[in-house]
Each structure stands twice: as C-alpha cells, then as structure tokens.
Amino acid sequence: MFINYLKIAWRHLWKNKGYSALNIFGLTIGITCASLIFLWIEDEVNFDNIFPKQDQTYHITVNSNFEGEWRTFGQTPGPLAQDLKDEIPEIVGAARASSGNMLFTIGENAVKRRGSYVDIDFIDIFSLRFVEGNAENALNRPDAIVLTQKTASDLFGENTTVLDRSIQVNNKNNYVVTGVVEDFPENTTIGFDWLAPFERFNEGEDNEWMKGYDANFTNTYVELTLGADYMAVDAKVREILSKKVEDPHSYFFLHPMKDWHLRSNFENGVKVGGQIAFVRLMGVVALIILLIACINFMNLSTARSEKRAKEVGLRKVLGSDKKRLISQFIAEALTTSSLAAVVSVVLLLLLLPQFNILVEKQLELRLLDFTHLFSLLGITLICGLLAGWYPAFYLSSFRPAEVLKGVKSKQGSAAAIRKGLVVAQFTVSVVFIISTIIVYQQTQHVKGRDLGFTKDNLIKMPVSGDMIKNFDPIRNELIASGRVENVALISTHVLSDGYNGTNLQWQGGVNTEDVLISFRHISSDFFKTAGMEIVEGRGFSKDVSKDSTNTLISQSFAKLMGEGSVLGKTVLRYGTTYNVIGVVKDYLYGDMYGTSDPVMFFNEPSYAQLMYVKTKSGTEITKTLTVMETVMKTYNPVFPFEFEFVDESFNSKFKSEKMMGSLSQIFAILAIIISCLGLFGLSAYTAEQRRKEIGVRKVLGSSVTDIVKLLSKDFLSLVLMALLVAGPIALWVMKNWLEGFRYRIEISPWVFALAGLVAIGIALLTVSFQAVKAALSDPVKSLRTE
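Every chain's residues receive numbers from 1 upward, in the order its sequence appears when written. Only residues with pLDDT of 70 or above have their local features reported here, since the model is predicted, and side-chain atom pairs are shown and tallied only from 80 upward, although totals for entire chains, interfaces and linings are computed over all residues. Hydrogens and waters are ignored; side-chain quantities use all the structure's heavy atoms.

Take the overall build of the chain next. Each helix and strand in the chain was counted, giving 22 helices and 25 strands. Relative accessibility under 20% of the residue-type maximum defines a buried residue, over 50% an exposed one, and the middle range a partly exposed one, all with a 1.4 Å probe and only protein chains included. Expressed as a percentage of the 786 residues in the chain, the buried residues total 51%. We call two residues contacting when some pair of their heavy atoms lies within 4.5 Å. For the chain, long-range pairs separated by at least 24 residues make up 78% of all intrachain contacts whose partners lie at least 6 apart in sequence. In short, Shrake-Rupley with a 1.4 Å probe defines the accessible areas, and a residue's cover is counted only from the protein chains shown. Accessible area of the chain: about 37,100 Å², with a carbon and sulfur share of 55%. Secondary structure counts use DSSP, requiring at least four H or I residues in a row for a helix and at least two E residues in a row for a strand, with both numbered from the N terminus.

Written out as structure tokens, the structure reads:
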C-alpha cells in the first residue's frame, strides 16, 4: 500500500512539473536555511561540553558597588583560590589563571603564542588530556611548560617527541616541556597555547600587591564535589570576603561553566542573559522560515483543488475511504519534502563554507553522525506533515456525488485560509526588512558617534623585548621616514577598559572612595598620536621626571571636582599626591553603547604594553608597514613584527551586530523569495482559472492595463494587510532589541514606509508577470469552446 502511495505521488509530481518545482524549491530554501541555523545553534549550546566536569566547574566572579550601582567583573584577588579550597569543604579544587604572551625560540624557529600561568589544580579541573607527559607532575618544577599539540607541532615539527626538550622564552629564560595536551575545539570558552606555573606570572617584578585582597587581577576557577549543593556553596563564597577585609563593598559568587558562553551578561549585579537570547531568536527564525516554506505548499495544493476533485470523487466511488485519501496526500507531501531535503543537502555542502565565514565558525555537516542525520530526517518529516496536513484533510473532504456531476465545491473557507497564509508570509518578510534596516541604522549610529580620538590611520603594536628601551630611536626613525606623524606608548588598548581602581581622594570631591577611576600610563605624545584633545591646561613633558607626580584627567573626572578650573587641584592615589595639570576631552572605551568611566593619565611610559603609530593620510599603507617592520627588526630583532589597525579593532566590537544585520538581510531576502514563489504560483493559477473571463473582457474592449489591475488588486490588498500586521510586530520587536543599548537610535516612520514600498514593489512585479502574460493571450483560444 505504501509503495502504491509513493507511485501515485511521483506521477502527480511529474504531471505537474511547474507547481512541483515551486513547492520543492520553496521547501529546499526553508530546509537549507533551518539546517544552517540549527548547525549554528548546536555549536552554541555545546560550548564547553568537552569538559567532563562541566556541572562541577565554576568561575569566581565579583560584584562591586560603585556609587550605588553593582558592577560585575571576572578578575579576583591572588589569595582567593587557596582560601576557598581551605575554608569551604565542598570545593575540592581551585586554580588561578592569568594570561600572557610568550615568544618561543627553537634555533631559528620563533613563534609567539598566548597562554596562561596556572595553579596545578587547573589541569584536573578541566580534565586536560595529555598526549605526552602526565598531569601529576606537569607543573611541579618552576621552569615547566605544557604545550598544546598545535604549538608543539609549530615549534618542533609534526610527529616529534618533545617531552623534556628546552625552549627559550622571551629571549632570556629557558623552560622545559613537561607535557603536551590535546588541542581544544573552537567552541570552548577558555583557550590557551601553553600553560606555565602561576609563580612565574609577573616574574621579576614587585609582586607584593598580588598577595592581598585589594587587587583583582586573575581568574579563579573552582571544582565542587560531585553532588554538592550549588546554592549552599555559593552562599559560603559570598561571605568569604567579609572575613578577609573590613566593610567590603564587593562579594564573590559562583558562575557555572554552562553559563559562561550563553549567560554571561550582568546588569546591576544580576545575570540578565547574553548569547542565549540570540540563540533563541535564531531558533525562532529557523522555524518561521520553515513555516513560510510550508505555507507555499498548502496554498498551491488547496488552490489547485479543482484539478483533483474528480480524482478524489472517483477514488471514493471505487472504495477509498477518507483515511486512505489522507494517507495518499500526506505521502505526496512527504515525497516533496524528501526531494527538497536531497537538494538541500547539496546546497548545504555548497553554502556551508560561506556561512562559516559569516558566523566565524567551523561548522560541519556530518551525515554519518546520528544527531545530524536524525535532525535532517526530522526536519524533512516535520515539513512534510506541516505542509501536507491541511491539503490532505481539505481534498479528502470532497463529496463524490457533487464533483462527478461537475458541481463546483464551495471553497470559501479554503480561499480565506489561503489569503491568511499569504498575509502571514508577507508579514514575516516585512518584519525582516524592517529589522534589517533598523539593525544597520543602530550599528552605523554608534560607529559614527564622537569617540574622542581618531581611529583612522592608527596602528597598534604589542610592546615586547627592547621596544620601550629603544622607544626614542624607533620613534625618530619612523617619523623621519615621512610616512608616520607620531608614535606613542600606552599601558592598555585605547578601546578597552584597562586598569581601574577606587579609594582615591581629590579636592572638591565628597565620598570619593567608591568612585571607579580608570588609569592610563602613557608617553608624552600619546594625546597627539591618538588625536585626543586637551581642553584645559597642558600635556606631559618628554622629561618623565618633570611630571612624575603630575596627572591629566578626563572631563568626566573634572566634573567630580566641582565648579571652576581643576588645574592645580590634587588627587591622592594610594599614598601619592598628584597635581592636575590638564583636562582631556572625554573619549569612548569599553562599552561602545554607553559612557566611559573617569580617567586619570600618568607620565609613565615604562608601564606600556602597546605602541601606537599614527600614519600620514594618503600614504600607501603597504609601504608604510614595510618601513615599520624594517625599523622594528633593527631595534627589536628577536620578536616578530605584529600590528593591528585600530579601526579594525573598533569594527570588531560590533561583530554580533554585524552578524545579526547580515543574517537579517539574508533572512529577509529568503522570506521574500519564498513568499514570491507562492504568490507566483497563486497568480498563475488565478490567471488560468479566469482565462475565459479575461478573454470576454478583452473582446469587450478591456486594455492590457485593465486586465493587469483586475488580476493584481486582490493580491496587493493582501500585501497591504500584511503591512498593517507587520508594522506593530516589527516595532515591538525592535524597540525591545534597542532597549539593550544605552546609546541608540529612535525608530523613524520612514523605515516602515520604505519596507512597505519594497514589499509592494516585489509583490507587484511577481503578480504582474502572470497578469501581463494572461492579458496578452489570444482571447480566441480561451473562448473557442463557448
């Protein structure tokens, strides 16, 4: 019986090639789009699943109160890890982890890699798998270093045993390889190329500040005993700071590993979600795209019901009951969705590389993987059932006595449903169009705001080796090349939060201890290099000693000092009094959508971690980079030449918005294409049904324009109804999205008008093609049977 259903289904598809192609193509787009989204969702929800102790592992996070508002940070004090392990029985492992860059040298081979200085418990907490060496003694010696497989391969070559081999680090110290661990997949929150004992962190510097609870500088990870009560342990963690310091304005808490990627956004100290919102949104979009693809099938199947009315009547007379007819029509829908799935697999293989570029992942379609195969079969089955259930019940309900006599069945309810489905399709399309425009506007709005510095023609390089010692000759040679305007040093990226602290006191301020102030250590030419404006006073002298106890502050800091000029006022910071000699215009860093904390600048280039180079506009950047590399090789020959354009760093801060905008654009186009496929099929069927009417009208003098208007107006009215429905939905969705940004646009009415014109124009083009074709047909052919 089932084979017979398939044979009949195939005959029907083959007999109606045009409409079958529309159905298959529409479902193919829906299945392909949904499959790509589900592959992305799978990767997102499986973040950190590689770790066996995921449910027992937590990151210690801190909430601190500044001016009555709770702010959340991931850095914690140095002694916290050991104290947690000693004082809370349920915590069986605790480890610190602080990141750093190292230059590894093996003979002529030198590579720079980023890794972490960690405590020994780190290895057990994250269940690192060793391919050489063992976990028990991997970090027992002070000169130990553990490499990932990729780093070991880059240094020593493939298929080489590296255990106990020596590596020169940063051109001065020698480390011994005590282990090699498996590489992590990309969907892990933590990542490293090497691990070294935590005791080597900040080696050679005064580390007294690392031993107390007044400096947050490292990540702390803990492992709970199996079955431990998370809430009870969290309560103990929240109390531990009050045992260490008097009147704490902060508290620690447990942040579960399963939330590190998906739920890591906090507002006023409370977890408010994060990436999970985008994951849910994408899931809804996938279902919507599938739904509008299925709507095409429903519409075309019910619209062409008269074509199959006699078949249904005859089969009922010959003994087929309603159950068998429903099974037949469901089989046809499943056959269509199966063909669409086969075509979709081909499209997935072709489109996946481009999709990976868009979402910056390495997703794979693994058809031999049970999960992927089962998911594809599930999507195919859902599409078939969803697309076929209504046509099956509708077609199987025809009365044989009426259809065999030629009495037309009443299709009022079916026509109403078809119209409703067309409205639903275009509603989705218009919502996507509006969303695309607003996401683009918001991103451009933020990118165009006054940053307080000039990001164009600005290049940053990480400080390494002898760059600070040779700063003056480096700067002089670069400027002498004629391609560089200025060079400067700074302790942190101009776009990032950097170092900050509290407990400062200043003239004109009241209760200043809980105000968070950011600190920047710079060279004297930094403001000029970055294009920052000194609005009052002067900048730093090139002679560091002259301004060792002087400071410049940002405008927002100056406002905290009260009315009048702040020049000559003092700021007490950690026992040292600094005189304010200048005020810098506020600049944007950290949260691109908000406002930045007050900043205090110090003339201390020796603390620099980055070198900034301002290139002259109009110069060829490739030649400028060649000059820079030559100079750096002269004065810092051991370390590789590394650089990054600040404008690219700025643009990278909008990665999520860019991806959302691109995906909205793609989904809008796909939704429109699918909707137009259905509209094309319905308009063709309508023209076919009314061909005799069109012939009569042409004989009676109607023009082509009149015929086009006649056939188009019903469909355009449906699109207008879709606009009325889509407007409030899009307004609600985008207003909620914009609420997440403090610096945002106001939604303009012209966006809705533009989306409406686009939808009407596309619908009109789709319908008009069939309308013009019908209007130009020879009326003699349509009337010859009369």
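We now examine a nonpolar patch on the surface. Residues forming no salt bridge and having over 30% relative accessible area are the ones grouped into patches, like charges within 9 Å of each other and nonpolar side chains (Val, Leu, Ile, Met, Phe, Trp, Tyr) within 5 Å. Every case where a carboxyl oxygen of Asp or Glu lies within 4 Å of a side-chain nitrogen of Lys or Arg is listed as a salt bridge. A surface patch of nonpolar side chains, about 360 Å² in accessible area, is lined by Val725, Ile729, Trp732 and Val733. Mapped onto the elements of the fold, Ile729 is located in helix 20 (residues 704-738). Judged by its relative accessible area of 37%, Ile729 is partly exposed.

Our next topic: the pattern of salt bridges. Pairing between side chains becomes possible if they bear opposite charge and their charged atoms approach one another. Taken as a whole, this structure holds 29 salt bridges when the rule is applied. Note that Lys585 is salt-bridged to Asp450, the shortest N-O span being 2.8 Å. Taken together, the residues Lys585 in the loop between strand 22 (576-584) and strand 23 (599-602) and Asp450 in the loop between helix 12 (412-447) and strand 14 (458-462) connect sequence positions 135 residues apart. A relative accessible area of 26% means that Lys585 is categorised as partly exposed.

Turning to the pairing of strand 7 (residues 166-169), a few remarks are in order. Side chains Ile167 and Val169 project from strand 7 onto a buried face, and the interleaved Ser166 and Gln168 project onto a face without burial. Here two bridges tie strand 3 (residues 91-106) to strand 7, and the two strands are oriented antiparallel to one another. Across the sheet, the residue bridging to Phe104 is Val169, located in strand 7. Two strands form a pair only when DSSP identifies at least two bridges running between them. One ladder, built from four bridges, connects strand 7 with strand 8 (residues 173-181); its direction is antiparallel. Among the inter-strand pairings, Ser166 is bridged to a residue of strand 8, identified as Val176. Remark: three residues form the turn of the hairpin made by strand 7 and strand 8, two consecutive strands paired antiparallel; Asn170 in that turn has positive phi of roughly 55°.

Buried Ala, Val, Leu, Ile, Met, Phe, Trp, Tyr and Cys residues form a nonpolar core when they are joined through side-chain atoms within 4.5 Å. One finds Trp40, Phe453, Phe526, Met532, Phe601 and Phe667 to be the most contacted residues of the largest nonpolar core, which totals 108 residues. Within the second largest apolar cluster, 22 residues are counted, among which are Phe104, Val169, Tyr175 and Val180.

What follows concerns the side chain of Ser116. For Ser116, the position within the fold is in strand 4 (residues 109-118). Overall, Ser116 belongs to the buried group, its relative accessible area being 9%. Once residues within four sequence positions are removed from consideration, Ser116 is found in contact with Ser98, Ser99, Phe192, Trp194, Leu195 and Ala196.

To get an axis, fit a line to the C-alpha atoms, keeping to the stretch in contact for a helix; angles then go from 0 to 180 degrees between the N-to-C directions. For the pair helix 13 (residues 471-480) and helix 16 (residues 621-635), interaxial distance at closest approach is 10 Å and the crossing angle is 155°. It follows that helix 13 is roughly antiparallel to helix 16 by the angle criterion. Crossing geometry of helix 13 relative to helix 16 is assigned as right-handed. Contacts from Pro473, Ile474, Glu477 and Leu478 in helix 13 reach Met628, Val631, Met632 and Tyr635 in helix 16. When the residues that make up the contact of helix 13 with helix 16 are grouped by side-chain class, the tally is seven nonpolar, no polar and one charged. Note that the term roughly parallel is reserved for angles under 35 degrees, roughly antiparallel for angles over 145, roughly perpendicular for angles of 65 to 115, and oblique for everything else. Should the near helix be turned anticlockwise from the far one by less than a right angle, the crossing is left-handed, and should it be turned clockwise, the crossing is right-handed. Each residue is assigned to one class: nonpolar for Ala, Val, Leu, Ile, Met, Phe, Trp, Tyr, Cys and Pro, charged for Asp, Glu, Lys and Arg, and polar for all the others, Gly among them.

Another aspect to go through is the environment of Val180. Considering the arrangement of structural elements, one finds Val180 in strand 8. When its relative accessible area of 2% is taken as the criterion, Val180 is described as buried. In sequence terms Val180 and Gly133 are 47 residues apart; their C-alpha atoms lie 6.6 Å from each other. Those residues within four positions of Val180 in sequence are excluded, and the remaining contacts are Arg129, Phe130, Val131, Glu132, Val146, Leu147, Thr148, Gln149, Ala152 and Val162.

Glancing now at the pairing of strand 6 (residues 144-148). Along strand 6, five of the five residues are buried, which leaves the element largely enclosed by surrounding structure. Burial along strand 6 is two-sided: the residues Ala144, Val146 and Thr148 and Ile145 and Leu147 are all buried. In this sheet, strand 9 (residues 194-197) lies alongside strand 6 in antiparallel orientation, the contact comprising two bridges. In the sheet register, Val146 faces strand 9, and the bridge partner there is Leu195.

Only Phe, Tyr and Trp rings are paired, with Trp represented by its six-membered ring, and only when their centres lie within 6.5 Å; those with planes under 30 degrees apart are stacked, over 60 edge-to-face, the remainder tilted. Applying the stated criterion across every chain, the model contains 38 aromatic pairs. When the ring of Phe122 is compared with that of Phe192, the centres are 6.1 Å apart and the planes differ by 70°; the resulting orientation is edge-to-face. Here Phe192 lies in the loop between strand 8 and strand 9 and Phe122 lies in helix 4 (residues 121-125), a separation of 70 residues in the sequence. Its relative accessible area of 2% is what places Phe122 among the buried residues.

Tracing the backbone through its elements, the reader meets Ser554 in strand 20 (residues 550-554). Polar side-chain contacts of Ser554 include one of 2.9 Å to the backbone nitrogen of Val599. Apart from residues lying up to four places away in sequence, Ser554 is in contact with Val583, Val584, Asp586, Pro598 and Val599. We call two N or O atoms a polar contact when they sit within 3.5 Å, provided that within protein one can donate a hydrogen and the other can accept it, with sequence-adjacent residues counted only if both atoms are side-chain atoms.

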